[in-house]
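A closer look at the structure
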Amino acid sequence: MSAPTNVSLKRDLGLWGAVALVIGTVIGSGIFIVPNKMVSSVGTPGMVFVVWIVGGLMSLSGALTYAELSAAMPGAGGEYVYLREAYGPMWSFLYGWTQMWVAKSGSIATLATAFFLYLANFHPELKQPIGHIPIPLGPSGGPLEVSYGQILGMVLILALGWLNYFGVKLGGEVQVFVTICKVGLIFAVIA
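All of the points below concern the structure found in this document.

Reading guide: rules and limits
Residues numbered from 1 in each chain as written. Predicted model: local features only at pLDDT ≥ 70, side-chain atom pairs only at ≥ 80, totals over all residues. Heavy atoms only, no water. Helix = DSSP H or I, 4+ residues; strand = E, 2+ residues; numbered from the N terminus. Rg over C-alpha atoms; globule rule 2.2 N^0.38 Å. Contact = heavy atoms within 4.5 Å. Areas by Shrake-Rupley, 256 points an atom, 1.4 Å probe, with all protein chains shown as cover. Phe/Tyr/Trp six-rings, centres within 6.5 Å; stacked < 30°, edge-to-face > 60°. Buried < 20%, exposed > 50% of the residue type's maximum accessible area, 1.4 Å probe, protein only. Patch = residues over 30% accessible without salt bridge, like charges linked within 9 Å, V, L, I, M, F, W, Y side chains within 5 Å. Salt bridge = Lys/Arg side-chain N within 4 Å of Asp/Glu carboxyl O. Axes fitted to C-alpha atoms, helices over the stretch in contact; angles between N-to-C directions. Parallel < 35°, antiparallel > 145°, perpendicular 65-115°, else oblique. Left-handed = near helix turned anticlockwise from the far one by under 90°. Expected span 1.5 Å × (residues − 1). Arc of directions from axis to C-beta.

Take the overall build of the protein chain next. Each helix and strand counted, the protein chain has 7 helices and 2 strands in total. For the protein chain, the sequential pattern of α-helices and β-strands runs α-α-α-α-α-β-β-α-α. Taking 191 residues into account, the globule formula puts the C-alpha radius of gyration at 16 Å, and the protein chain, at 20 Å, lies well above it. C-alpha atoms of the protein chain, sized along the principal axes, occupy 60 × 45 × 35 Å. Across the protein chain, contacts joining residues at least 24 apart in sequence account for 39% of those joining residues at least 6 apart. Approximately 14400 Å² of the protein chain is accessible, and the part contributed by carbon and sulfur atoms is 72%.

What follows is the structure, given as structure tokens:
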């Protein structure tokens, strides 16, 4: 019987990949989706800035909390590790599976939908239906409509999943590129 080997995670992300990951997480796609709805809800651009600043301070509090937790409990797993240490293995297990099947998959689908909706502003044909699925999940309980944009969103999710299969280093390089594009677009909107 052979001795067990010590397996560890590769540390291939690098400084710029890690910075781009944090910037991409903080900015998110909401910056392009939410402001229109915010102005209509709060009334003035000044109030939008107040809401963004308060939200930013709350996010900073959460980020500092995670920094303290990660310093106290270093190791792979993030929230899973913290919940296991605080409440036991059952809660961390349930959290992990909830993230897999509900939270992260829903977040990924939302991002793919945002991509398709913004792209549809320039290519309206993406909103055209290509067929119907006879299950009552469509508007008013009708059949589910499938559009070119939905297919594009699914392809995008599969392509990014396939890309991440090749390692964190390549994923980090793509994240740097996407973050540069996102920050560039924000500066273009400001200008």
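The next point concerns the packing of aromatic side chains. Applying the stated criterion across every chain yields a total of 5 aromatic pairs. Here the aromatic rings of Trp-97 and Trp-101 are separated by 6.2 Å at their centres, their planes lie at 5°, and the arrangement is stacked. Here Trp-101 and Trp-97 lie together in helix H5 (residues 89-122), a separation of 4 residues that amounts to about one turn. The exposure class of Trp-97 is partly exposed, given its relative accessible area of 43%.

Our focus in this paragraph is unusual backbone geometry. The backbone of Ser-140 shows a phi angle near 55°, a positive value even though the residue is not glycine. Note that Ser-140 resides in the loop between strand E1 (129-133) and strand E2 (144-147).

Moving on, we come to the environment of Val-176. Relative to the elements of secondary structure, Val-176 occurs in helix H7 (residues 168-190). Note: C-alpha distance between Val-176 and His-132 (44 residues apart in sequence) is 38 Å.

What follows concerns a nonpolar patch on the surface. A contiguous nonpolar patch, built from Tyr-80, Tyr-87, Met-90, Trp-91, Phe-93, Leu-94, Trp-97, Met-100, Trp-101 and Val-102 and spanning about 1200 Å² of accessible area, is present on the exposed surface. Of all the elements in the fold, those that place two or more residues in the nonpolar patch are helix H4 (79-87) and H5. The exposure class assigned to Trp-101 is exposed, which follows from its relative accessible area of 58%.

The subject of this paragraph is the packing of helix H1 (residues 14-27) against H7. Where H1 meets H7, the closest approach of the two axes is 8 Å, and the angle between their N-to-C directions is 50°. Relative to H7, H1 is oriented oblique. H1 and H7 meet at a crossing whose hand is left-handed. When H1 is examined against H7, the residues Trp-16, Gly-17, Ala-20, Leu-21, Ile-23, Gly-24 and Ile-27 are found in contact with a partner set consisting of Gly-172, Gln-175, Val-176, Thr-179, Lys-182, Val-183 and Ile-186.

Next up on the list: the pattern of salt bridges. Applying the stated criterion across every chain, the model contains 1 salt bridge. The residue Arg-84 makes a salt bridge to Glu-85 at a minimum N-O spacing of 3.7 Å. For Arg-84, a relative accessible area of 33% gives the class partly exposed.

Along the chain, Thr-179 turns up in helix H7. For Thr-179, a relative accessible area of 6% puts it in the buried group. Residues within four places of Thr-179 in sequence aside, it is in contact with Ala-20, Ile-23 and Gly-24.

Our focus in this paragraph is helix H6 (residues 148-165). Here H6 is 18 residues long and its end C-alpha atoms lie 26 Å apart, about the 26 Å a rise of 1.5 Å per residue gives. For H6, every residue scored as buried is listed here: Gly-149, Gly-153 and Leu-163. In an axial view of H6, the angular spread of the buried residues amounts to 90°, which keeps them on one side of the axis. Structural note: H6 exposes Leu-158, Trp-162 and Tyr-165 on the side pointing more than 90 degrees away from its buried face. Looking at the buried positions of H6, the neighbouring elements they touch are H5, E2 and H7. The first or second residue beyond H6 is Gly-167, which carries a positive phi of 120°.

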